[in-house]
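This is what each chain is made of:
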Amino acid sequence: SAAGVLVCLLEYPRSKRKKGSTMERCGQKYMTAVVKLFGPLTRNYYIRAVLHAALAVPAGFLLSTILGTVCLGIASGIYLLAAVRGEEWRPIEQKPRERPQMGDTIRQPPSAPPPRP
């Protein structure tokens, strides 16, 4: 059960994508701080692949936990593939919002009425 809590804490915060935007999960900023605290141990996908594989081994000895073993094994393979491709976990950092200029907020009223059906 402690291994499950460890995996949940490690997996909950989403990583920032290379392209596009990433939606942050609810309450993720608190977990991101914890993951950032451990530095390369949690950012490196090679380490995550080894950790998931190591957690899968003891679970494989009981029939009741075989499904969890399969899931951890698949996750380990995915992390290994991502690490080989050069990916790593990056935190989603909020950009400071720029305040709009006063001239940009005032809009011109429409010059023509809306079309009628």
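Residues numbered from 1 in each chain as written. Predicted model: local features only at pLDDT ≥ 70, side-chain atom pairs only at ≥ 80, totals over all residues. Heavy atoms only, no water.

Asks: Can you explain the UniProt feature "transmembrane region" (unreviewed entry) in the protein? Please cite residues and give values.
Replies: Cross-referencing UniProt, the feature "transmembrane region" (unreviewed entry) maps to residues 49-82 in the present numbering. When the span residues 49-82 is considered, its composition is 82% helix and 0% strand, and the gap between its end C-alpha atoms is 9 Å. (UniProt positions renumbered as here; feature names shortened; annotations may be inferred. Helix = DSSP H or I, 4+ residues; strand = E, 2+ residues; numbered from the N terminus.)

Asks: Give me the packing of aromatic side chains: which residues, what numbers.
Replies: In the structure shown here, the tally under the stated rule is one aromatic pair. Between the aromatic rings of Tyr-45 and Tyr-79, the centroid separation amounts to 4.9 Å while the plane-to-plane angle is 50°, which identifies the pairing as tilted. In this pair, Tyr-45 sits in helix α4 (residues 45-59) while Tyr-79 sits in helix α5 (residues 66-84), placing the two residues 34 residues apart along the sequence. (Phe/Tyr/Trp six-rings, centres within 6.5 Å; stacked < 30°, edge-to-face > 60°.)

Asks: Tell me about the environment of Ser-15, and name the residues and values.
Replies: Along the chain, Ser-15 falls in the loop between α1 (2-11) and α2 (28-37). For Ser-15, a relative accessible area of 19% corresponds to the buried category. With 75 residues separating them in the primary sequence, Ser-15 and Arg-90 have C-alpha atoms 5.1 Å apart. The residues contacting Ser-15, other than those within four sequence positions of it, are Thr-22, Tyr-45, Glu-88, Trp-89, Arg-90 and Ile-92. (Buried < 20%, exposed > 50% of the residue type's maximum accessible area, 1.4 Å probe, protein only. Contact = heavy atoms within 4.5 Å.)

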